[in-house]
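Below are the chains, spelled out letter by letter.
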Amino acid sequence: MGRGFGWLWAAYAASAFGTRFAFDAFTLIAILVLHVGPTQVSLLAAAGLAVGAAVAVPLGPWVEFRRKRPVMVAMDLIRFAALMSVPAAYAVGALSFAQLLLVSIVVAAADITFTAASGAYLKWLVRPEDLLVANGRFESTTWTTTILGPPLGGAAISLLGPLTTVVANAVSFLLSAVGIRAIGGQEPSPVRTGDRRFRAADVFEGWRFILAHPALRPLFFNTALVNGLIMAPVPLIAFLMLGPLGFAPWQYAVAFAVPCLGGIIGSRLSQPLVTRFGRHRVLLTAGTLRACWPLALAFVGPGVGGMVLVITVELALITCIGVFNPVYVTYRLEQTPTDRVVRTLSAWSVTTKTTTAALTALWGLLAAMTGPRTAIALAGLLLLTTPLLLLGRDYSPEHQAS
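Residues numbered from 1 in each chain as written. Predicted model: local features only at pLDDT ≥ 70, side-chain atom pairs only at ≥ 80, totals over all residues. Heavy atoms only, no water.

K.L.:
Talk me through the packing of helix H10 (residues 216-231) against helix H15 (residues 303-335); I want residue IDs and the actual numbers.
P.N.:
The N-to-C vectors of H10 and H15 enclose an angle of 150°; their axes lie 12 Å apart at closest approach. You can see that H10 and H15 cross each other, and the crossing is left-handed. Along the contact surface, H10 presents Leu 216, Leu 219, Asn 222, Thr 223 and Ile 230, while H15 presents Leu 317, Ile 321, Phe 324, Tyr 328, Tyr 331, Arg 332 and Gln 335. Taken together, the residues that form the contact of H10 with H15 break down as 8 nonpolar, 3 polar and 1 charged. (Axes fitted to C-alpha atoms, helices over the stretch in contact; angles between N-to-C directions. Helix = DSSP H or I, 4+ residues; strand = E, 2+ residues; numbered from the N terminus. Left-handed = near helix turned anticlockwise from the far one by under 90°. Contact = heavy atoms within 4.5 Å. Nonpolar A, V, L, I, M, F, W, Y, C, P; charged D, E, K, R; others polar.)

Shown next, in the form of structure tokens:
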């Protein structure tokens, strides 16, 4: 797909690995360095995501009608500077919880803005027939870095402390900026149609487009709910495995790291499956199968049997996700007009992240009232209903937006 895509892919791999390498670094710094309590740790995770998403919303219309590559480089440099402020403040004894919270908000907003801009840039950079292959490579890279990053980051934290992984993550964004800058070429400046003045209504254009689109609307609700219902019980599963069931931390890590191989396998299968069976059938089948597995996690037990159950369920789930994600991401790009891509992707990302944050908080309260197994089971049962949102829609490539 050309030298330009190669640099973009390399930039993505660098930043993705840095992010996985620094997995939970802020939580560990808050606990081990600042000695804060569980309430503040929860606030750090939830507020950073929610406020960062809110900050990113008005940036969508601003980015939409600007060249995307400079925006991507700027977001990388902002993340680099924000993250490097943490070890700098620690070195002079000035690191505080407020700074961690502010940095997490800035990074979350820059993440959403970068992702939206990169989606629009990818649509311009590669040929339409190559979009699925490109998204499959990004998906495969995501799961590869998920396998490698957290274990290596955990080892680095054990040897050198949690600030080491923050520095590494910051450097990964700097490398990403260098890679994107190296793409070269002349990206055309987008032409704004209609009223050239910024209007408050522009902020909500992404949601308006999604909700008015007969096929993207159910896909939008489906992905937001599925992601939220998969992620909401994760802290409860961790509590069960590391608490009452007596698994060691390394066993918990292995149980969730090994199945990420399924993401690599699934992403590699997405293109051949679409070629053989068609996009519509692949989306419906993979979208249905990914909802079938998590219910079994409510029955995890101790010992080898429990480990095998978790690994089997997660492997099946992540393989289905690996097939589904590149196909639906490609379909979403194809169906979105060029002058709405950034706002649409921003709206999609903001909704997904805030839904996940809200459901995670809600499931914590539910577990306190009913017990963790009941809460995990309820999430699994609700997931079984989500494929209904995909039925009755045509996801074939005809009638794509320009």
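There is more to say after this.
K.L.:
Describe the nonpolar core, naming the residues involved and giving the relevant values.
P.N.:
One finds Met 241, Phe 256, Val 310, Trp 363 and Ile 376 to be the most contacted residues of the largest nonpolar core, which totals 35 residues. At the level of secondary structure, the elements contributing two or more residues to this core comprise H10, helix H11 (234-242), helix H12 (249-257), H15, helix H16 (341-370) and helix H17 (372-383). The dominant element in this core, judged by the number of residues it contributes, is H15, at 6 residues. The residues contacting Trp 363, other than those within four sequence positions of it, are Leu 229, Ala 232, Leu 236, Ala 375, Leu 378, Ala 379 and Leu 382. (Core = buried A, V, L, I, M, F, W, Y, C linked by side-chain atoms within 4.5 Å. Buried < 20%, exposed > 50% of the residue type's maximum accessible area, 1.4 Å probe, protein only.)

K.L.:
How would you sum up helix H13 (residues 261-277)? Please name residues and give values.
P.N.:
Note: α-helices contain 3.6 residues per turn, so residues at a spacing of three or four share the same orientation. The end-to-end C-alpha separation of H13 is 23 Å, in line with the 24 Å expected for 17 residues at 1.5 Å each. Largest kink in H13: about 35°, centred on Ser 270, with the proline Pro 272 one to four residues after it. Within H13 the residues assigned to the buried category are Gly 262, Gly 263, Gly 266, Ser 267, Ser 270 and Val 274. (Expected span 1.5 Å × (residues − 1). Bend = angle between axes of the 7 residues up to and from the residue.)

K.L.:
Explain the environment of Ala 91 residue by residue, including any values.
P.N.:
With respect to the element layout, Ala 91 can be found in helix H5 (residues 68-91). Owing to a relative accessible area of 66%, Ala 91 belongs among the exposed residues under this scheme. Between the C-alpha atoms of Ala 91 and Glu 64, which are 27 residues apart in sequence, the distance is 39 Å.

K.L.:
Account for a nonpolar patch on the surface, naming residues and giving values.
P.N.:
Taken together, the side chains of Trp 250, Val 254, Val 258, Leu 261, Ile 265, Leu 269 and Leu 315 present a nonpolar region at the surface, about 620 Å² in accessible area. For the nonpolar patch, the leading source of residues is H13, giving 3 residues. Judged by its relative accessible area of 45%, Leu 261 falls in the partly exposed class. (Patch = residues over 30% accessible without salt bridge, like charges linked within 9 Å, V, L, I, M, F, W, Y side chains within 5 Å. Areas by Shrake-Rupley, 256 points an atom, 1.4 Å probe, with all protein chains shown as cover. Salt bridge = Lys/Arg side-chain N within 4 Å of Asp/Glu carboxyl O.)

K.L.:
Tell me what's going on with the side chain of Gln 335, and back it up with residues and numbers.
P.N.:
Summarising the element assignment, Gln 335 is placed in helix H15. By relative accessible area, which is 5% here, Gln 335 ends up buried. There is a polar contact of 3.1 Å between the side chain of Gln 335 and the side chain of His 213. (Polar contact = N/O pair within 3.5 Å; in protein donor to acceptor, adjacent residues only side chain to side chain.)

K.L.:
Account for the packing of aromatic side chains, with residues named and values stated.
P.N.:
Taken as a whole and assessed by the stated rule, the structure comprises 10 aromatic pairs. Note on Phe 5 and Phe 138: the rings are 5.6 Å apart at their centroids and 55° apart in plane angle, and the pair reads as tilted. Remark: Phe 138 occurs in helix H7 (residues 131-160) and Phe 5 occurs in helix H1 (residues 3-21); sequence separation between them is 133 residues. The residues Phe 5 and Phe 138 share a single accessibility class, namely buried. With a centroid separation of 5.2 Å and an interplanar angle of 80°, the aromatic rings of Phe 220 and Trp 348 are classed as edge-to-face. Of this pair, Phe 220 sits in helix H10 while Trp 348 sits in helix H16, placing them 128 residues apart in sequence. According to the relative accessible area criterion, Phe 220 is buried, its value standing at 4%. Under the relative-accessibility criterion, Trp 348 is labelled buried at 2%. Members of the aromatic cluster, joined through ring pairs, are Phe 220, Phe 221, Phe 324, Tyr 328 and Trp 348. (Phe/Tyr/Trp six-rings, centres within 6.5 Å; stacked < 30°, edge-to-face > 60°.)

K.L.:
Please provide a residue-by-residue account of the pattern of salt bridges, values included.
P.N.:
For the structure shown, the criterion picks out 8 salt bridges. One salt bridge connects Glu 205 with Arg 208, and the closest N-O pair in it is separated by 2.9 Å. Residue Glu 205 and its partner Arg 208 are located together in helix H9 (residues 205-212), separated by 3 residues, close to a single helical turn. Judged by relative accessible area, which is 40%, Arg 208 ranks as partly exposed. Salt-bridge contacts for Arg 340 lead to Glu 205; the nearest nitrogen and oxygen are separated by 2.9 Å. With Arg 340 in the loop between H15 and H16 and Glu 205 in helix H9, the pair connects residues that are 135 residues apart, well separated along the chain.

K.L.:
Explain the side chain of Ser 176 to me, and be specific about the residues and the numbers.
P.N.:
Counting through the fold element by element, Ser 176 comes out in helix H8 (residues 163-181). Since its relative accessible area comes to 0%, Ser 176 is described here as buried.

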